[in-house]
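Structural overview for review
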Amino acid sequence: AALALVVSAGCSLFSSKNAPQATGAPGSTLRIGIAANYPPMAFKEDGKLTGAEVDFAHMLARELDVKIELVEMPWKDLIPDLVDGKIDVIMSGFSITPERQKLVSFADSYGTIGQMALLRAEDYDRLRDEGARNSPTTRIGVVGGTTGEQYVRRHDPLAQIKTFATVDDGVAALRSGQIDVFIHDAPAIWRVTSARGAVERELRARYVPLTSEKLAWAVRKQDEQLLGRLNAALAKWKADGQLDLVGARWVPVRKVAATPGN
């Protein structure tokens, strides 16, 4: 009887008029966490956040009838800030991994990527093969806390591993000779070697994926309603082609012939 009274009192205190809005409900504000260190998915250009994830965020605002707040933060803070309630969604070129699935819930994947190696053209023939890079004399650069770092630590334990805060920092280190190889997600590598139609002569990518990873947005474990709304939006965009349009704009896939020695 006492329990019934408590439940009844609770219902009167939290009527539909006074109840807090569910995360991502129409008319609410959705706080979207972005680490602006991953071109072309999420980065800054002329001081403004841009990239595929930013396009997706604005599409979600229209689709879900919500306002959005883009919250820029370091990559390492994305999951902690989501769990702590400082943001509501991670949209930052995030790969699904078993470790991350223990902490957050992932929406349906919107794309598949893989890690790729970027080398100086003069070192390409010497270091293009995976086995050649696992050497104490090889310096491999990665962005700290990413699946690229995880891959290198597993597959190249003998190499000297250097971590960087951003893709741009890693690429600059490769150009200046501080590292011999830079390994990161394929979209970022493609952007370096074919950005804005410029001819890249100094650096050369090894167009062979080292991993296969699903990209997805992440929400808190308890935000099941928001997760359902995100998945519904993704399903619609996949069906009407909007997802492919964004992908084609920001991640133009470079096709190469699968010939020996490529």
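Residues numbered from 1 in each chain as written. Predicted model: local features only at pLDDT ≥ 70, side-chain atom pairs only at ≥ 80, totals over all residues. Heavy atoms only, no water.

**Let's talk about the sheet that holds strand E12 (residues 203–206)**
Paired through their backbone hydrogen bonds, the strands of a sheet run either parallel or antiparallel. We apply this condition: In this scheme, strands are said to pair when DSSP sees at least two bridges between them. The secondary structure listing takes helices from DSSP runs of H or I that are at least 4 residues long and strands from runs of E that are at least 2 residues long, numbered from the N terminus. The axes are straight lines fitted to the C-alpha atoms, using for helices just the contacting stretch, and the angles between their N-to-C directions are given from 0 to 180°. In what follows, a contact means two residues having at least one pair of non-hydrogen atoms within 4.5 Å.
The 5 strands lie next to each other as E10-E9-E11-E8-E12, forming an open sheet whose pairing is mixed. Edge positions in the sheet fall to strand E10 (160–164) and E12, since each of these pairs with one other strand and no more. Across the sheet, the mean angle from the axis of one strand to that of its neighbour is 30 degrees, orientation sign disregarded. Pairing analysis gives 2 bridges linking strand E9 (residues 139–143) to strand E11 (residues 181–185), with the strands arranged parallel. Bridging across to E11, Gly141 finds its partner in Phe182. This element, helix H7 (residues 147–155), spans strand E8 (115–120), E9, E10 and E11 of the sheet and lies at about 150 degrees to E9. Strand contacts of helix H8 (residues 167–175): E8, E9, E10, E11 and E12, with the helix running at about 155 degrees to E11, the strand carrying the most contacts.

**Here's the deal with unusual backbone geometry**
We count it as follows: The rule is simple: take the accessible area with a 1.4 Å probe, protein chains only, and divide by the maximum for that residue type; under 20% is buried, over 50% is exposed, in between is partly exposed.
The step from Pro39 to Pro40 runs through a cis peptide bond, and the omega angle for that step is 5 degrees. In this structure, Pro40 sits in the loop between strand E1 (29–34) and strand E2 (43–45). In this structure, Asp46 is a non-glycine residue whose phi angle is positive, near 55 degrees. Relative to the assigned elements, Asp46 resides in the loop between E2 and strand E3 (48–50). Asp46 sits in the exposed class, given a relative accessible area of 80%. Of note, the phi angle at Asp65 is positive, near 60 degrees, even though the residue is not glycine. Note that Asp65 resides in the loop between helix H2 (52–64) and strand E4 (67–72). Assessed through its relative accessible area of 52%, Asp65 is described here as exposed.

**A short note on the environment of Thr137**
Convention followed: Between N or O atoms, a polar contact is any pair within 3.5 Å; within protein, one atom must be a potential hydrogen donor and the other a potential acceptor, and residues adjacent in sequence are included only when both atoms are from side chains.
When you line up the elements, Thr137 lands in the loop between helix H6 (130–133) and E9. What makes Thr137 exposed here is its relative accessible area of 63%. It is 7.1 Å that separates the C-alpha atoms of Thr137 and Gln160, two residues lying 23 residues apart in sequence. Non-local contacts of Thr137, meaning those with residues more than four positions away in its chain, are made with Gln160 and Asp180. Only 3.0 Å separates the side chain of Thr137 from the side chain of Ser135, close enough to count as a polar contact.

**Some words on the layout of surface pockets**
Applied cut-off: A pocket, in this scheme, is an open set of points on a 1 Å grid over the protein atoms alone with protein on both sides within 12 Å along at least 5 of 7 lines, while a cavity is a set where a 1.4 Å probe fits but cannot get out; residues line either one if an atom lies within 4 Å of a point. Grid points are joined across faces, edges and corners, and a volume is the space filled by probe spheres set on the points. Residues are grouped as follows: Ala, Val, Leu, Ile, Met, Phe, Trp, Tyr, Cys and Pro are nonpolar; Asp, Glu, Lys and Arg are charged; all remaining types, including Gly, are polar.
Its volume calculated, the largest pocket comes out at about 400 Å³. Lining of the largest pocket is provided by 24 residues; of these, Gly111, Thr112, Ile113, Pro187 and Val251 occupy positions nearest its centre. Among the elements of the structure, H2, strand E7 (111–113), helix H9 (186–194) and helix H11 (242–250) are those that each provide at least two residues to the lining of the largest pocket. No other element matches H11, which puts 5 residues into the lining of the largest pocket. Looking at the lining of the largest pocket, its residues break down into 17 nonpolar, 6 polar and 1 charged.

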